[in-house]
Amino acid sequence: LKTIKFANTNYVLTANDNGSVIPVSNTSSVTVTVPASLPVGFNCTVLKVNTGNAVIGNATGVTLNSKTSGYTISTQWGSADILVYAANSVVVSGDI
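These figures come from a predicted structure and were not determined experimentally. (Residues numbered from 1 in each chain as written. Predicted model: local features only at pLDDT ≥ 70, side-chain atom pairs only at ≥ 80, totals over all residues. Heavy atoms only, no water.)

1. Overview of the sheet that holds strand β5 (residues 54-58)
So, point 1. The strand order across the open sheet built from four strands is β1-β3-β5-β7, with neighbouring strands paired in mixed fashion. A single partner strand is all that each edge strand has here, and the edge strands are β1 (11-12) and β7 (72-73).
So, point 2. The pairing of β1 with strand β3 (residues 30-34) spans two bridges and is parallel. Each residue of the ladder has a partner; that of Tyr11, found in β3, is Val32. (Pairing = 2+ DSSP bridges. Helix = DSSP H or I, 4+ residues; strand = E, 2+ residues; numbered from the N terminus.)

Structure follows, in structure tokens:
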């Protein structure tokens with residue numbers, strides 16, 4: 001069962017966010033940062049529920065990968081899935 005954890009300001013993911021849906025609700029841009037401490041297999045979904053951009057960012061030492069090389073959810077009600085597939089290696093997929 002996934003949990004809902006709201007991020008209305010800049011937010012750094014923690015291991016406790018594994019399996020969560022993280023709605024971002026702000027009229028300004030909000031960055032959700034992937035830190036180096038997340039375990040392999042960590043996954044969550046970021047959902048943009050307001051008009052400000054939701055940006056997936058990375059901490060030092062973390063590599064983000066996506067099919068578009070973009071990490072911004074710019075469309076309201078868009079979402080992005082985050083998956084740590086190897087140590088400090090993350091794939092971001094969805095509406096980015």
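Next comes the rest of the write-up.
2. Section: the sheet that holds strand β2 (residues 21-24)
So, point 1. Read from one edge of the open sheet, five strands run β2-β4-β8-β9-β6, paired in mixed fashion. Both outer strands of the open sheet, β2 and β6 (63-65), are each paired with one neighbouring strand and no more. In this sheet, neighbouring strand axes are inclined to one another by 25° on average, regardless of whether the strands run parallel or antiparallel.
So, point 2. As defined by bridge partners, strand β4 (residues 43-48) adjoins strand β8 (residues 79-86) across five bridges and the pair is classed as antiparallel. Bridge assignment links Asn43 to a residue of β8, and that residue is Leu83. (Axes fitted to C-alpha atoms, helices over the stretch in contact; angles between N-to-C directions.)

3. Brief notes about the nonpolar core
So, point 1. Leu13, Val34, Ile56, Ile82 and Val90 are the most contacted members of the largest nonpolar core, which has 21 residues in total.
So, point 2. Elements supplying a minimum of two residues to this core: β2, β3, β4, β5, β8 and β9 (89-94).
So, point 3. When neighbours within four sequence positions are excluded, Ile82 is seen to be in contact with Leu13, Val34, Phe42, Asn43, Cys44, Val46, Ile56, Val90 and Val91. (Core = buried A, V, L, I, M, F, W, Y, C linked by side-chain atoms within 4.5 Å. Buried < 20%, exposed > 50% of the residue type's maximum accessible area, 1.4 Å probe, protein only. Contact = heavy atoms within 4.5 Å.)

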